[in-house]
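Below are the chains, spelled out letter by letter.
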Amino acid sequence: MSKAYFINKVLATTVVGSYPVVKGGGLRSLFDPLHSAVETAVADQIGAGIDIISDGQVRGDMITTFASKLPGVREQEVIGKIQPASGAITAADTKYALSKFPKVKGIITGPSTLAHGLHLSTPMYRNKEELALDLAAALIVEARSLEAAGVTLLQIDEPILSTGIADLAIGKQAVEMIASSVHIPACLHVCGNIANVIDEILKYNVTVLDFEFSNNQANLDIISRRDLTGKMLGYGCVDSSSEDIDGVPEIRKRIEKAVEYFDPKILLIDPDCGMRMRSREAAYWKLKNMCDAAKEVRIAL
């Protein structure tokens, strides 16, 4: 089966990754204060009807979650050569999610975004580009541990790529180092306006390109003029930046708009970005309404 058809469902739903941190009590929380937040995130995604869930990414922000575990980094300072972590960083939470649901995406913060979130405090690296390539090499270990755990899809988060700050050629090399190290399909998530970077990002050798469309409607016009042969499109159709809950009719219209331009078989339906900053209620209902809207369009097709 082609990597591009890793899920046998039209307009399958997924998440970008993060979910609100809902802390619990009890004895277990003394030993692992955030395990109940993982449980809540997983249960809420399943309850909402998501087809490919995440572990909720509740243990920290996208930079420190990974950087804090890599030798060569202290706090957010790069103080020496970057090495792989001594053990898997996110696999334990991912394995928990997999114990509850068959289809889970593993998520890694991309090397360019990590590099630009850290400060260089060593002559070991002349610039962020050299740093990004060593971060990619270190993150291959994490990618393989997620593959071994049994994830359906590996997502590499590179929000920095739409900003014009990062070197897109080095970004491509770094992303492909990770994507080519595993046998499962890889997804590249880039939020923001993609007008100035789309032609370069389309060259990245990944199975899924994931962008935001509800908060950046110009992206649909931009991507609809490009050739996506061999790729799937992660279609962000729910606003992650607001507490306002997108209604089913509103989300349905956004999905129908995408179906006008693209074969529904290549579309993965998800929010624009992660939900970490939202309340639990808003996050849950945004996901639930998204799944209901996708189902309505699926039935209509």
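Preceding this section is the structure that the text describes.
Every chain begins its residue count from 1, and numbering advances along the sequence as written. Only residues with pLDDT of 70 or above have their local features reported here, since the model is predicted, and side-chain atom pairs are shown and tallied only from 80 upward, although totals for entire chains, interfaces and linings are computed over all residues. Working from all heavy atoms in the structure, the side-chain values ignore hydrogens and water.

Undergrad: So what exactly am I meant to see when it comes to the sheet that holds strand β2 (residues 73–74) here?
TA: Hydrogen bonding along the main chain pairs the strands of a sheet, whether they run parallel or antiparallel. Read from one edge of the open sheet, 3 strands run β2-β3-β5, paired in mixed fashion. Sheet topology places β2 and β5 (119–120) at the edges, where each strand pairs with a single neighbour. The rule for pairing is simple: two strands pair if DSSP sees at least two bridges between them. Helix and strand labels come from DSSP, where a helix needs a run of H or I of at least four residues and a strand needs a run of E of at least two; each type is numbered from the N terminus. Relative to strand β3 (residues 77–78), β2 runs antiparallel, the two being bridged by 2 bridges. Note that in β3 the partner of R74 across the bridge is E77.

Undergrad: Looking at this structure, how should I read helix α7 (residues 168–179)?
TA: Three- or four-residue spacings in an α-helix give side chains the same orientation, since the helix completes a turn every 3.6 residues. Here α7 is 12 residues long and its end C-alpha atoms lie 16 Å apart, about the 16 Å a rise of 1.5 Å per residue gives. Under the scheme applied here, a residue whose accessible area is under 20% of the maximum for its type counts as buried, over 50% as exposed, and between as partly exposed, the area being computed with a 1.4 Å probe on protein chains only. Residues of α7 that are buried: L168, I170, G171, A174, V175, E176, I178 and A179. The criterion used for residue contact is that any of the two residues' heavy atoms lie within 4.5 Å. As for α7, its buried residues are in contact with α5 (111–116), α6 (128–149), β6 (153–157), β7 (186–189) and α8 (198–201). Multiplying 1.5 Å by the residue count of a helix minus one yields the expected span of that helix.

Undergrad: Got a minute to help me understand the nonpolar core in this structure?
TA: Soluble globular proteins tend to pack their nonpolar side chains together in the buried interior. The biggest cluster of nonpolar side chains holds 101 residues, and the ones touching the most others in it are F211, I223 and I255. Take this core: its biggest share by element is 9 residues, from α6. Once residues lying within four places of it in the same chain are set aside, the contact partners of I223 are I194, I198, F211, F213, L228, L233 and F262. Side-chain atoms within 4.5 Å link the members of a nonpolar core, which is a set of buried Ala, Val, Leu, Ile, Met, Phe, Trp, Tyr and Cys residues.

Undergrad: Help me understand the sheet that holds β7, please; the structure alone is not making it clear to me.
TA: Spatially, β1-β10-β9-β8-β7-β6-β4 is the arrangement adopted by the 7 strands of the open sheet, whose pairing is parallel. Edge positions in the open sheet fall to β1 (12–13) and β4 (105–109), since each of these has one partner strand only.

Undergrad: Hey, could you run me through a nonpolar patch on the surface in this one?
TA: Where nonpolar side chains cluster on the molecular surface, the patch consists of L27, L30 and F31 and spans about 430 Å² of accessible area. With respect to the helices and strands, the residue F31 is situated in helix α1 (residues 28–31). On the accessibility criterion, F31 (71% relative accessible area) is exposed. Nonpolar side chains (Val, Leu, Ile, Met, Phe, Trp, Tyr) within 5 Å and like charges within 9 Å form the patches, drawn only from residues with over 30% relative accessible area and no salt bridge. We get accessible surface area from the Shrake-Rupley algorithm with a probe of 1.4 Å; when it comes to residues, only the shown protein chains can shield them. We define a salt bridge as a contact between a side-chain nitrogen of Lys or Arg and a carboxyl oxygen of Asp or Glu at a distance within 4 Å.

Undergrad: Is there a simple way to explain the packing of aromatic side chains in this structure?
TA: Any pair of aromatic rings gets described here by the distance separating the centres and the angle formed by the planes. Two rings from Phe, Tyr or Trp (for Trp, the six-membered ring) form a pair when their centres sit within 6.5 Å of each other. Planes less than 30 degrees apart are called stacked, planes more than 60 degrees apart edge-to-face, and all others tilted. Within this structure, the stated rule accounts for 4 aromatic pairs. Where Y261 meets F262, the ring centres are 6.4 Å apart and the plane angle is 55 degrees; that geometry is what we call tilted. Residue Y261 is classed as partly exposed on the basis of its relative accessible area of 40%. The exposure class assigned to F262 is buried, which follows from its relative accessible area of 8%. Each ring, one from Y284 and one from W285, has its centre 5.3 Å from the other, and the planes form 85 degrees; the classification is edge-to-face. Owing to a relative accessible area of 38%, W285 belongs among the partly exposed residues under this scheme. Taken together, the ring pairs connect F211, F213 and Y235 into an aromatic cluster.

Bear in mind that shape data such as this cannot, by itself, settle questions of function.
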